[in-house]
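# Close look at the chain arrangement
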Amino acid sequence: MGSRFLWDVTKKVFTGGLIGLTISDRYGSFEAVRGLSMHPTLNPSPNTFLGLLTDDRVLVTKFCLEKYKFAHGDIVVFRSPSNYKEKEVKRIIGLPGDLINMPNAYDTLMIPEGHCWVEGDNSSSSLDSRSFGPRTCTMPSYVKKSFKSCTSMVIS
């Protein structure tokens with residue numbers, strides 16, 4: 001009788017895990033926003049313990065990407081170019097065809113087709129396109145739901 005109960009529980013946990021994995025892979029998940037790069041939009045207030053910032057959580061949507069027209073100001077999530085295991089949260093500043101003035105230079109860069117320019121809201125604490133250049137935009141991957149309905153983008 002005990003082994004039957006254990007088998008039933010194991011099947012339910014396994015099934016629930018597969019359903020949860022499918023939902024987070026295909027439709028959406030929650031991601032923690034760490035660091036100061038999007039301050040004060042995300043992580044706006046310091047924690048009382050040692051003055052550290054608390055992590056905000058954002059809803060990452062993935063199912064509405066095919067029809068969405070991306071716009072300046074959308075907040076996106078992408079894999080860090082320096083550490084593939086980390087995810088970065090930034091704001092879209094430039095889309096394909098836009099001209100971007102390069103920081104600390106007198107050059108202007110045109111964003112190539114299939115790419116976008118992303119920057120953090122807190123430029124003094126953000127590693128973004130000013131450091132690593134335009135990001136390739138691909139579908140589907142991780143996206144951040146902005147404050148508008150179904151506003152999202154994928155950056156690899």
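Residues numbered from 1 in each chain as written. Predicted model: local features only at pLDDT ≥ 70, side-chain atom pairs only at ≥ 80, totals over all residues. Heavy atoms only, no water.

In the nomenclature of an unreviewed UniProt entry, the protein chain is known as Mitochondrial inner membrane protease subunit 2 of Coptis chinensis. Of the comments in the UniProt record for the protein chain, the one headed Subcellular location (unreviewed entry) reads "Mitochondrion inner membrane". (UniProt positions renumbered as here; feature names shortened; annotations may be inferred.)

### Notes on the nonpolar core
With 8 residues, the main nonpolar core is built from V33, M38, L42, V58, V60, I75, V77 and V89. Of all the secondary-structure elements, those providing two or more residues to this core are β2 (56-61) and β3 (75-79). Among the nonpolar cores identified, the runner-up in size contains 6 residues, and V76, F78, L95 and C116 belong to it. (Core = buried A, V, L, I, M, F, W, Y, C linked by side-chain atoms within 4.5 Å. Buried < 20%, exposed > 50% of the residue type's maximum accessible area, 1.4 Å probe, protein only. Helix = DSSP H or I, 4+ residues; strand = E, 2+ residues; numbered from the N terminus.)

### Some remarks on the pattern of salt bridges
Applying the stated criterion across every chain, the model contains 3 salt bridges. Between D121 and R91 there is a salt bridge, with the nearest N and O atoms lying 2.9 Å from each other. Separated by 30 residues along the polypeptide, D121 in the loop between β7 (115-119) and α2 (129-132) and R91 in strand β4 (residues 87-94) bring together distant segments of the chain. Judged by relative accessible area, which is 28%, D121 ranks as partly exposed. D128 serves as the salt-bridge partner of R130, at 2.7 Å between the closest nitrogen and oxygen. We classify R130 as partly exposed; its relative accessible area is 26%. (Salt bridge = Lys/Arg side-chain N within 4 Å of Asp/Glu carboxyl O.)

### Some details on the packing of aromatic side chains
In the structure shown here, the tally under the stated rule is 1 aromatic pair. Over the ring of Y84 we find R79, and its NZ or CZ is 4.8 Å from the ring centre. (Phe/Tyr/Trp six-rings, centres within 6.5 Å; stacked < 30°, edge-to-face > 60°. Lys NZ or Arg CZ within 6 Å of the ring centre and 35° of its normal.)

### With respect to the UniProt feature "active site" (unreviewed entry) in the protein chain
The UniProt record annotates "active site" (unreviewed entry) at S37 and K90. Maximum C-alpha separation among the annotated residues is 7.7 Å over a sequence range of 54 residues, consistent with a single clustered spot. With respect to the secondary-structure elements, S37 resides in the loop between β1 (28-33) and β2. On the basis of relative accessibility, which here comes to 11%, the residue S37 falls in the buried class. Look past the residues within four positions of S37 in its chain and what remains in contact with it is V89, K90, G120, D121, N122, S125 and S126. Looking at S37, its side chain comes within polar contact range of the side chain of K90, at 3.0 Å. One can find K90 in strand β4. K90 sits in the buried class, given a relative accessible area of 1%. Apart from the residues lying within four places of it in its own chain, the contact partners of K90 are S37, M38, D74, I75, V76, F78, V118, E119, G120, S126, L127 and D128. (Contact = heavy atoms within 4.5 Å. Polar contact = N/O pair within 3.5 Å; in protein donor to acceptor, adjacent residues only side chain to side chain.)

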